[in-house]
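# Architecture at a glance
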Amino acid sequence: MSEAIITFKNVSKTYILYKNDQARFKALFFKPRNPKTNKALNDVSFEIYRGESVGIVGDNGAGKSTLLKMITGVAFPDEGEIIVNGKVAALLELTAGFSMEMTGRENIYLKGYILGLEDAYIKQIEERIIEFAELGDYIDQPVRTYSSGMKMRLGFAINVNIEPDVLVVDEALSVGDASFKRKCKDKIKEIISAGTTVLYVSHNAESVREICPRSIYLRKGTVIFDGNTDETLKVYQDYKAAQKNKKK
Amino acid sequence: MITSIFKEHKGFGKQIFLLAKNELIKTYKGAVIGPGWAVVKPAFTVFVYWFAFSVGIKTMKTMHVNLGSHDPFSIDFFTFMFIGIIPWFFIQDSIIQGAKTLRTNRQFITKVKFPVSTILTYTAISRLYVHIMLMVLMYAYVIFAIGPSWYNLQFFFYCPLMFMFFLALSWSTAPMSAFSKDFESLIVSIMSGIFWLSGIMYDSYSFQEPLKFIMLLNPINFFANGYRNCFLYHRPFFYYKTELAVFLAEFIFVFALGIFNYNRLRKKLPDVL
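Residues numbered from 1 in each chain as written. Chains lettered and ligands numbered in written order. Predicted model: local features only at pLDDT ≥ 70, side-chain atom pairs only at ≥ 80, totals over all residues.

The name an unreviewed UniProt entry gives chain B is ABC transporter permease, with Ruminococcus difficilis as the organism. Under the Subcellular location (unreviewed entry) heading, UniProt states for chain B: "Cell membrane". According to the UniProt record, the Sequence similarities (unreviewed entry) comment for chain B is "Belongs to the ABC-2 integral membrane protein family." (UniProt positions renumbered as here; feature names shortened; annotations may be inferred.)

## Here we look at the overall build of chain B
Looking only at helices and strands, chain B has 12 helices and two strands in total. In summary, chain B has a C-alpha radius of gyration of 19 Å against a globular reference of 19 Å for 273 residues, a match within 12%. Counting only C-alpha atoms, chain B reaches 60 × 45 × 35 Å along its principal axes. Buried residues in chain B amount to 38% of all 273 residues. Put simply, 77% of the contacts in chain B that link residues at least 6 apart link residues at least 24 apart. (Helix = DSSP H or I, 4+ residues; strand = E, 2+ residues; numbered from the N terminus. Rg over C-alpha atoms; globule rule 2.2 N^0.38 Å. Buried ≥ 20, exposed ≤ 12 C-beta atoms within 10 Å, placed from the backbone. Contact = placed C-beta atoms within 7 Å.)

## Remarks on helix 3 (residues 104-114) of chain A
Counting buried positions along helix 3 of chain A gives eight out of 11 residues, so the element sits mostly inside the fold. Residues of helix 3 of chain A that are buried include every one of Gly-104, Glu-106, Asn-107, Ile-108, Leu-110, Lys-111, Gly-112 and Tyr-113 of chain A, and no others. Where helix 3 of chain A is buried, its residues contact helix 4 (119-133) and helix 5 (148-161) of chain A together with helix 2 (13-28) of chain B. Taken from the residues just after helix 3 of chain A, Gly-116 of chain A is the one with a positive phi, measuring 80 degrees.

## Focus: the interface of chain A and chain B
Residue-level contacts link 20 residues of chain A with 23 residues of chain B. Among the elements of the structure, helix 1 (21-27) and helix 3 of chain A are those that each provide at least two residues to the side of chain A that touches chain B. Top element by residues in the side of chain A that touches chain B is helix 3 of chain A. It accounts for four residues. Residue composition of the side of chain A that touches chain B, by class: 11 nonpolar, four polar and five charged. (Nonpolar A, V, L, I, M, F, W, Y, C, P; charged D, E, K, R; others polar.)

## Some thoughts on the domain arrangement of chain A
Residue and element names in this part refer to chain A. When the domains of chain A are assigned, the result is domain 1 (4-86 + 165-247) and domain 2 (97-163). Centre-to-centre separation of domain 1 and domain 2, based on C-alpha positions: 26 Å. Facing six residues of domain 1, the contacting portion of domain 2 comprises five residues. Looking at side-chain class alone, the side of domain 1 that touches domain 2 contains four nonpolar, one polar and one charged residues. (Domains from an automatic or database assignment.)

## Structural notes on the pairing of strand 8 (residues 214-219) of chain A
Residues and elements named next belong to chain A. In this structure, strand 3 (residues 53-57) lies alongside strand 8, joined through four bridges in parallel fashion. Across the sheet, Ile-56 pairs through a bridge with Ile-216, a residue of strand 8. Judged from the six bridges that link them, strand 8 and strand 9 (residues 222-228) form a sheet pairing that is antiparallel. The partner of Arg-214 across the bridge, within strand 9, is Asn-228. (Pairing = 2+ DSSP bridges.)

## Describing the UniProt feature "transmembrane region" (unreviewed entry) in chain B
Residue and element names in this part refer to chain B. The UniProt record annotates "transmembrane region" (unreviewed entry) at residues 31-53, 73-91, 128-147, 153-171, 183-202 and 244-262. Helix makes up 79% of residues 73-91 and strand makes up 21%, while its end C-alpha atoms are separated by 26 Å. Helix makes up 89% of residues 153-171 and strand 0%, and the two end C-alpha atoms of the span are 29 Å apart.

## Things to note about the packing of helix 4 of chain A against helix 5 of chain A
All names here are of chain A. Where helix 4 contacts helix 5, the axes come no closer than 8 Å and their chain directions differ by 140 degrees. What the angle tells us is that helix 4 and helix 5 run oblique. You can see that helix 4 and helix 5 cross each other, and the crossing is right-handed. Residue-level contacts link Ile-125, Arg-128, Ile-129, Phe-132 and Ala-133 of helix 4 to Arg-153, Leu-154, Ala-157, Ile-158 and Asn-161 of helix 5. Tallied by class, the residues present in the contact of helix 4 with helix 5 amount to seven nonpolar, one polar and two charged. (Axes fitted to C-alpha atoms, helices over the stretch in contact; angles between N-to-C directions. Parallel < 35°, antiparallel > 145°, perpendicular 65-115°, else oblique. Left-handed = near helix turned anticlockwise from the far one by under 90°.)

## A few points about the sheet that holds strand 4 (residues 79-84) of chain A
All names here are of chain A. One open sheet accounts for three strands, arranged 2-1-4; its pairing is antiparallel. Only two strands of the sheet have a single partner each, and these edge strands are strand 2 (36-49) and strand 4. Neighbour-to-neighbour, the strand axes of the sheet open up by a mean angle of 20 degrees, direction not taken into account. With 10 bridges connecting them, strand 1 (residues 4-17) and strand 2 associate as antiparallel partners. When the sheet's bridge partners are listed, Val-11 is paired in strand 2 with Val-44.

## A short note on the nonpolar core
Counting residues in each nonpolar core, the largest one holds 123 residues, and the members touching the most others are Ile-56, Ala-157, Val-168, Val-169, Leu-199 and Tyr-200 of chain A together with Ile-83 of chain B. Counting only domains with at least three residues in this core, you end up with domain 1 (4-86 + 165-247) and domain 2 (97-163) of chain A. Apart from residues no more than four positions distant in its own chain, Ala-157 of chain A is found in contact with Ile-129, Phe-132 and Ala-133 of chain A. (Core = buried A, V, L, I, M, F, W, Y, C linked by C-beta atoms within 7 Å.)

Set out below in structure tokens:
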């Protein structure tokens, strides 16, 4: 196998649930004593290799979002280590993270700088992004004047055109009208077939099976199964069926 | 660890200035006189204080400042107050806005990967623009009322120092306010008190020991007196060495505390905002 592009080493993350605002204020100065906690990730370890497509499945609250946030560098683990070697593009919250007063074009540069890209490179991909986002003359208008669909299109266009090393995709993503959705799906497929590492989060077993040969199943912050997608989905679905039976 | 703030700024310089510009647009867009509002509010405040003290209370027409030499330095109250209050406007905004700024820019913290400490820098720079604008107006008055002096150039010592000091202070206050709204409210509520405890409307040198020394502990006095050193007293920044030494010690302390607090809380910010 080639080198690991994402490495999780015994990663744990605990959210502290403060009883009230007073407790929160106190926590600024003292370590809270036996606070209520929510363990979002518990001793998670895995490696993802360059060019792999990995699905992440699990119920709501299993820790999928926390995991993705850590890969994209938004959240940080309490324990353990995360190594990500390369540019990460996230198709998660596309309308977030724009500077509203800046024009679309300026936001392309802002995003580029955050990702550590050079001026010359951003200039190169700028036109491609604008064309893909289908924004026309709006590209030089402040982003606050955009409709939510336009913001999403711009967010999507930036993320897929920076030639990421890792692409994080949430299946529940919505990017506006049908024709653009089609275009997005094609683009994602194109990126995947180009050999980019993809992390795919979904509730839909079929679409995971279609894209990812390997999957990781998370339950309550713990990796239950990591392997071949068919086997993973079987474990997941068996568990779900068992849950259903229990309820009955 | 210690260098994380500097690392976040590396290569981001151009973006910081662009974001600072946009911060200004955000503040003043949609108003007819736009950035004029940045002048109107301070101008009205200056007028009110002058009216209350010189016209209303009447006793405050001439200030006698004890500069340590033989005769006290005498100047009309308006000039004295005006020169001291200009840095105060910057300081007040820096402390209040500086504390709030991470909360108001939370989209850069919870949604995307962003060099978080640069948020504090670009908002501070946008306030600096406003300060420079007020300074231009104040300097026009100074030339007319007092006349220019080589000591005026010390502005380029005091102003960057003031910028850095309150930026470093926000490294502590901003993450703490993001964490707890009570901390933010605390800062906002003590600000008008801080104004009256600082030598803006009066001369902080005019006290007996030990109160005179206690006044030196307030860094706001250092800047109010510093601007007066430049434009009014015409004396070098190192003239009153105790004042300078106390300030520098505080600066190092605030700087170190800022780095400590920022590093301590940075990684928790996305979870609490």
